[in-house]
Amino acid sequence: QVRLVESGGGSVQSGGSLRLSCEASGDGYSLSWSMGWFREAPGKEREAVAVIDYNGLRRYGDPLKGRCDISRDNAKNTLYLQMDSLKPEDTAMYYCAAKRDAWRLFLPETWDHWGQGTQVTVSS
């Protein structure tokens, strides 16, 4: 089983920054997998924040477009999400995800492996 463990969440004020990390481990995981960050706020659907495929191609969803950067350190099997200029509406549980293919990356239901999530709270 592939294990994904997020870290880096917390409470920040509006305009602040956070850097989320996701460490992947376990048999089966490889560098050819796609990875991504999603978020889910209470009462709202899970939505894609940013995704990155095996070739390093990055795509950003609307929520934090222009205010975040996704990257991966293949040597460490770690995914990162740098978030800047955070707003109260960014408050949500942020999840790391991984899957073997590189199709339909903005659709949460197509992803197979998920971390437990890390809470991000942005105050006014």
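Residues numbered from 1 in each chain as written. Predicted model: local features only at pLDDT ≥ 70, side-chain atom pairs only at ≥ 80, totals over all residues. Heavy atoms only, no water.

**Focus: the packing of aromatic side chains**
- Considering all chains together, one arrives at 4 aromatic pairs under this definition.
- Residues Tyr29 and Trp33 carry aromatic rings whose centres are separated by 5.5 Å and whose planes lie at 65° to one another, so their mutual orientation is edge-to-face. The residues Tyr29 and Trp33 share a single accessibility class, namely buried.
- The structure contains a cluster of three or more aromatic residues connected by ring pairs, namely Phe38, Tyr95, Trp111 and Trp114. (Phe/Tyr/Trp six-rings, centres within 6.5 Å; stacked < 30°, edge-to-face > 60°. Buried < 20%, exposed > 50% of the residue type's maximum accessible area, 1.4 Å probe, protein only.)

**Thoughts on the pattern of salt bridges**
- According to the stated counting rule, one finds 6 salt bridges in the structure shown.
- Two residues, Arg39 and Glu47, come together in a salt bridge whose shortest N-O distance is 2.8 Å.
- For Arg39, a relative accessible area of 8% corresponds to the buried category.
- Taking the relative accessible area as the measure of exposure, Glu47 reaches 30% and is therefore partly exposed.
- With a closest N to O distance of 3.0 Å, Lys99 and Asp101 form a salt bridge.
- A relative accessible area of 0% places Lys99 in the buried class.
- A residue is classified by how much of its surface remains accessible, and Asp101, at 31% relative accessible area, is partly exposed.
- If you follow the salt bridges from partner to partner, you end up with Arg39, Glu47, Arg67 and Asp90 in one network. (Salt bridge = Lys/Arg side-chain N within 4 Å of Asp/Glu carboxyl O.)

**What to know about the state of the cysteines**
- This structure, assessed with the given rule, holds 1 disulfide.
- With no disulfide of its own, Cys68 lies 14 Å from the sulfur of Cys96, the closest cysteine sulfur.
- By relative accessible area, which is 12% here, Cys68 ends up buried. (Disulfide = S-S within 2.5 Å.)

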